[in-house]
Amino acid sequence: MKKTSDFEFNDLQGLLRFGYGGLTDTCFMLLDVVNVDMAREWLSTAPISSGIKASSLPDTAMQIAFSKEGLSALEISKTIIDGFSDEFIYGMVRSDNCSRRLGDVGHNAPKSWKWGNNAVPHVLLLLYAKQGGIDAWRKTVEDELFKKAFRLIRLLPTTDTGGNRMEPFGFEDGISQPTIDWALRQGTDPHERDRYSNLLAAGEMVLGYKNEYGQYTERPLIDPAKDPLAEHLPNAEDDPTLKDFARNGTYLILRELGQDVPGFWQFLDKVSDSEPNKREKLAAFMVGRERDGTPLIAEHIPGVSRKDHGNNFTYDLDANGVHCPISAHVRRANPRTGDLPSGVTGFISQLIRILGFGQKNHDADLVASSRFHRILRRGRSYGPTLSPEEAIQPDAPIAERGLQFICLAANISRQFEFVQNSWIINSKFGGLQQESDPLLGDREPLLSGENTDQFNHLDSLGAKQKVCHLPNFVTVHGGGYFFMPGLRALKYISSLTTKGSHNES
Amino acid sequence: MTPQSTFMIVATVSVGQLKKLRDLLGAMNKIPGHADPENALIPFCKFDQLHFARFVIIEANTAHEIREFGVNPRPWRPALAFLGDVDGDMHAFLADLVNNAEPGLKAIFSHCEDFSEENLDMLQWLQAHDIRPNANYVNWLGRTVKQIREEVILHQTLSRYLQEIAHDVDWEDIRTVRQKLLSHVEMEKHKGRLTLSLPEPTSREWKIRNLFHLLGVPLILLILSPLLLIALPFFALRLRMLERSDPELFIRPSYEHVKVLSVQEDWDVSNQYSVFGDVKPGLFRLLTFKFILMLTNYFARHVYNRGFLARIKTIHFARWVFMDNNHRVFFASNYDGSHESYMDDFINKVGWGLNLTFSNAVGYPTTTWMIKEGAQREHAFKYTQRRHQIPTEVWYKAYPGLTAVDLARNSRIRQGIEIRQENDAEIREWLRLI
Ligand code: HEM
């Protein structure tokens, strides 16, 4: 049996393992490479934090990721770049089809984004520091060499969290995350896990390892005979004659999401007849948790410690969404479904379910198995806090507020894009009608004219309560796909030389 | 009940006509790949019995892959296929089609070989070019377009009315709420704004044929079972040998190809899907393929005709068709959701079924015992299905915005009007559907 400590954490960027919650202050920069040699030189000594657990909280941390444009600017060979997925190569705004699926239409359309719609910046640099320490850390990082090597394209707004995990609407965030199977112990046989489990194959989050299908996700592999520089890269586990450029790396998905906090609470207040309790209840229904993070459902599930009250539940016993509406944000974003609909007790009942029978509920089994569609969220909020009580005032102070949504995943299409499309934006999710994610929906009607701007929940008698004409609460301001390399791959990137003797002979 | 039937008219495109044909078909569209229902050539919306239709130009883009088996590709000339799913007899539909759209049909099929306008009987020509599927799937046997449309109006009527009265009714007294709704339905019917037609009587002929099929297939299998039993070990041996030796093709589809396909996708809640490829060489694969499709057809016809195909509830219609003298196979479906979620269903919900059929096709990822692995080799599977997918020139769906689950729910709402619920809990459940 393997141990968690066997994992190559020293080659992993720390963000895959930690959220750096203790480092409350952040500075997220989008950069372009302006001088390749200097950029490489800077990269070769940049203190990128690894996944090794330090004995005490560090004062600062730094993480780095590159867009495809960035890898090209750093003269990574086309053969390597072609080994990445289409989503990464062609990007988040690669086609109208992609925008339709991600809900980047109407007011979210890329044409009104602040960045990422024309050219994706080369580098995403994430700086973390303890409270009050970010300015000094940024100064240290931005030395003379750095300034010559890179140009700042955009400073993504962030705000010191002050140690609390409240997102701008006022909800506790970052409670539920997949537990990564660093020890690589868990079997990955499909149909082996009828029920939901929070434990996830490392290959779902880190490239170069087996994913939930027991397979290795597509990624660039290098023949070391043709590229001597690759010698120091890790071997590809599925083909030891090749070097794995992406091992211990992953994709980083970034979306800048503006949140209309007064708009959110004023709308809720209006439809709740200005009754604070009703308003709170409705807000909790929309998110799927109370503001302090308390789930709307209590139950024990495997893979989650009994002590983790915030995550000890599935929706199996709440098929109709009496306790937590089916459309609630967290229920859409992670429906906590297993491989088979509930009720499997043995071989026969399993077989019956595989064949599509034995379902108690007409709307049973409409949602995909969750383990193939998990993401690791690492976002940070920005903007001044505004309590619901303040937000409902007609003169509530307007300010830029929102979330720098960051998530990590080894397969952009199957994880992030699937969750965003089939679960969050889809107005037919789980058999629903006319409703998209209450927080994130784009509210655009379907081609047939059918609305998608409702939110339905059940009252205590089980009667459906409709809230109609939800306005937009969230607006996409920009986004892009990045590759967050392992540390040896970073070394490879920084040790290339322009004349290119490293490359295919 | 009015059973559904299908047609698939196929004709080879004349030399030099491909581009012109493509442009002509493209002009029928409103948005990429999606027919304008009122287009001048074939105004699909005029045909009340038509569920889905598509024009697809079948090209063998992946024909070279069979070389991996040491076999030379057979020649294939691009062929135009016009396929659709209709209520009632497909011959009656074709006659109706010719009556209403003969000039359009002629304009289109004049780009094909074997078509001359002189003394042409269009209906006969269509019938002569129709090919039958080896397996066919209908999401809900007997649910007509007319019924679907009536039930949509019923749902909308009830939903609007419920919203109107929501604040004035006493939700504790659920029976009165139901009574109000029922009276409203009666009112609307009376005013002629709502119709709930009774199903047509099922034709005797169809019933008898269906019964013969229902009993005949198991009977023949039973008679053959001693033979099949003897053959089984040899079958298993041969199967495992082939599974070990068949080459697995791990070829990523070009992004250009993916782009052509995806421009047409995700405009509505449903999408179309057509794939075309080679049957693996050898009699063993062909017979296995045919046998499995025969079973698929049997189960689709008699078991999976009530809203689900094994665990999948998102497919409206699907068909498997052998072409080119059994050397090639064509699969077409109409499904709800995105392509990625369709593939997710294929892999995670019915991977075993997909493996049983398509493991006999060139390029399919390696299976073990025909049901294991295969689709679960995620990338190999996703690559191969995308590579073999061909774009659709024109696609028509009679009820945009509605998923198969929506249709089933609307039917249940209607059932609740016709059959009184027994207790309050059932009434509440019914009300939740609205
Ligand atoms: C401004 C936009 C957003 C807001 C305000 C927001 C808010 C929240 C909140 C309050 C939670 C509950 C805390 C928790 O369970 O950890 C949550 C959970 C979650 N959100 Fe979001 N979110 C936003 C955007 C997104 C997006 C774009 C995605 C993915 C595409 C996403 C995916 C998730 C997931 C996967 C969970 C965890 C669900 C679970 O495992 O139970 N969120 N979000």
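Sequence order as written defines the numbering, with residues in each chain counted from 1. Here chains are named by letter from A upward and ligands by number from 1 upward, in the order in which they appear as written. The predicted origin of the model limits local features to residues at a pLDDT of at least 70 and limits the giving and counting of side-chain atom pairs to 80 or more, whereas totals for whole chains, interfaces and linings rest on all residues. Hydrogen atoms and water are omitted, and side-chain values are computed over all heavy atoms in the structure.

Asks: Help me understand the overall build of chain B in this model?
Replies: Each helix and strand in chain B was counted, giving 13 helices and 12 strands. C-alpha atoms define the radius of gyration in this analysis, and the globule rule sets the expected value at 2.2 Å times the number of residues to the power 0.38. For 434 residues, the compact-globule estimate of 2.2 N^0.38 gives 22 Å, and the C-alpha radius of gyration of chain B, at 24 Å, lies within 12% of that figure. Based on the C-alpha atoms only, the size of chain B along its principal axes is roughly 75 × 55 × 45 Å. Only protein chains enter the area calculation, which uses a 1.4 Å probe; residues under 20% of their type maximum are buried, those over 50% are exposed, and those in between are partly exposed. For chain B, buried positions account for 59% of its 434 residues. Working note: accessible area of chain B is about 18,900 Å², and carbon and sulfur atoms make up 59% of it. Counted charges follow a simple rule, with Lys and Arg positive, Asp and Glu negative, and His plus the chain ends left uncounted. For charged residues, the charge sits on one atom: NZ in Lys, CZ in Arg, CG in Asp, CD in Glu. Here chain B carries 51 positive and 51 negative side-chain charges, and the mean point of each set is 4 Å from the other. Strands here mean DSSP runs of E at least two residues long; helices mean DSSP runs of H or I at least four residues long; both are numbered from the N terminus. Here the open area of atoms and residues is found with the Shrake-Rupley method and a 1.4 Å probe, where only the protein chains shown may cover a residue.

Asks: Would you take a moment to explain the domain arrangement of chain B for this structure?
Replies: One frequent convention defines the size of an interface as the accessible area lost when the parts assemble. All names here are of chain B. Residue ranges for the domains originate in an automatic or database domain assignment. Along its sequence, chain B is carved into domain 1 (4-142 + 202-397) and domain 2 (145-198 + 403-433). Relative placement of domain 1 and domain 2: their C-alpha centres are 37 Å apart. Taken together, the contact between domain 1 and domain 2 spans 13 residues of the former and 10 residues of the latter. Take a side-chain nitrogen of Lys or Arg and a carboxyl oxygen of Asp or Glu: if they are within 4 Å of each other, that pair is a salt bridge. Taken together, the links from domain 1 to domain 2 amount to one salt bridge. The shortest N-O distance in the salt bridge between D48 and R149 comes to 3.9 Å. Think of a polar contact as two N or O atoms within 3.5 Å of one another; within protein, one of them needs to be a possible hydrogen donor and the other a possible acceptor, and neighboring residues in sequence only count if both atoms come from side chains. For the pair domain 1 and domain 2, the number of links is three residue pairs in polar contact (both at pLDDT 80 or more). Side-chain classes follow a simple rule in which Ala, Val, Leu, Ile, Met, Phe, Trp, Tyr, Cys and Pro form the nonpolar group, Asp, Glu, Lys and Arg form the charged group, and the remainder, Gly included, forms the polar group. For the side of domain 1 that touches domain 2, the class distribution of residues is four nonpolar, five polar and four charged. We call two residues contacting when some pair of their heavy atoms lies within 4.5 Å.

Asks: I keep staring at the sheet that holds strand β6 (residues 135-138) of chain B and nothing clicks. Help me out?
Replies: Backbone hydrogen bonds hold the strands of a sheet together, and the pairing may be parallel or antiparallel. Residue and element names in this part refer to chain B. Two strands qualify as a pair provided that DSSP identifies no fewer than 2 bridges between them. One open sheet holds the four strands; their spatial order is β6-β8-β9-β7, and the pairing between them is antiparallel. The sheet is open, and its two edges are formed by β6 and β7 (270-278), each paired on a single side. In this sheet, adjacent strand axes meet at a mean angle of 10 degrees when their direction is disregarded. The pairing of β6 with strand β8 (residues 315-323) spans four bridges and is antiparallel. Every axis in this analysis is a line fitted to C-alpha atoms, fitted for helices over the stretch in contact. Angles between the N-to-C directions lie between 0 and 180 degrees.

Asks: Any chance you could explain the packing of helix α8 (residues 283-302) of chain B against helix α10 (residues 351-358) of chain B here in plain terms?
Replies: Packed helix pairs are specified by the crossing angle of their axes together with the interaxial distance, meaning the distance between the axes. All names here are of chain B. α10 packs onto α8 with a crossing angle of 135 degrees between their chain directions and a minimal axis gap of 8 Å. The orientation of α8 with respect to α10, classified from their angle, is oblique. Contact residues: α8 offers F289, I292, L293 and T296, while α10 offers L356, T357 and F358. Considered class by class, the residues forming the contact of α8 with α10 number five nonpolar, two polar and no charged. Any angle between 65 and 115 degrees counts as roughly perpendicular, while under 35 counts as roughly parallel, over 145 as roughly antiparallel, and the rest as oblique.

Asks: What am I meant to see in the coordination of the iron atom of the ligand here?
Replies: Ideal values differ by geometry: the angle at a metal is 109.5 degrees with four tetrahedral donors, but 90 or 180 degrees with six octahedral donors. In this structure, the iron atom of the ligand receives exactly one donor atom from the protein: A:H329 (NE2), at 2.1 Å. For A:H329, the position within the fold is in helix α10 (residues 329-333). Donor atoms (N, O, S) are those found within 2.8 Å of the metal centre, with the cutoff raised to 3.2 Å for Na, K and Ca; water is not part of the atom list, so apparent gaps in a site can occur.

Asks: Looking at this structure, how should I read the sheet that holds strand β8 (residues 235-236) of chain A?
Replies: Residues and elements named next belong to chain A. Spatially, β7-β9-β8 is the arrangement adopted by the three strands of the open sheet, whose pairing is antiparallel. Strand pairing shows two members of the sheet lacking a second neighbour, β7 (221-222) and β8, which therefore form its edges. Judged from the two bridges that link them, β7 and strand β9 (residues 239-244) form a sheet pairing that is antiparallel. Pairing of L221 across the sheet is with D244, part of β9.

Asks: Honestly, the site of the ligand in this entry has me stumped. Any pointers?
Replies: Residues and elements named next belong to chain A. The environment of the ligand is formed by 26 residues, the closest being I175, S176, H329, R336 and R377. Separating an oxygen atom of the ligand from a side-chain N or O atom of R289 is a distance of 2.9 Å. Counting only elements with at least two residues in the shell around the ligand, the list comes to β10 (250-259), α10, β13 (402-409) and α13 (413-425). Classifying every residue of the shell around the ligand by side-chain character gives 14 nonpolar, six polar and six charged. A domain-level breakdown of the shell around the ligand finds at least three residues from each of domain 1 (4-187 + 198-253 + 482-495) and domain 2 (264-374 + 387-401 + 417-478). Think of it this way: one heavy atom of a residue within 4 Å of a molecule or strand is enough to make that residue near it.

Asks: Looking at this structure, I do not really get a nonpolar patch on the surface. What am I missing?
Replies: Residue and element names in this part refer to chain B. Put simply, a patch holds well-exposed residues, over 30% relative accessible area, that have no salt bridge, with like charges counted together within 9 Å and Val, Leu, Ile, Met, Phe, Trp or Tyr side chains within 5 Å. Together, L219, I220, L222, I223, L224, L227, L228 and F291 give the surface a local cluster of nonpolar side chains, amounting to about 790 Å² of exposed area. At seven residues, helix α6 (residues 204-245) tops the list of elements feeding residues into the nonpolar patch. With respect to the helices and strands, F291 occurs in helix α8. Under the relative-accessibility criterion, F291 is labelled partly exposed at 34%.

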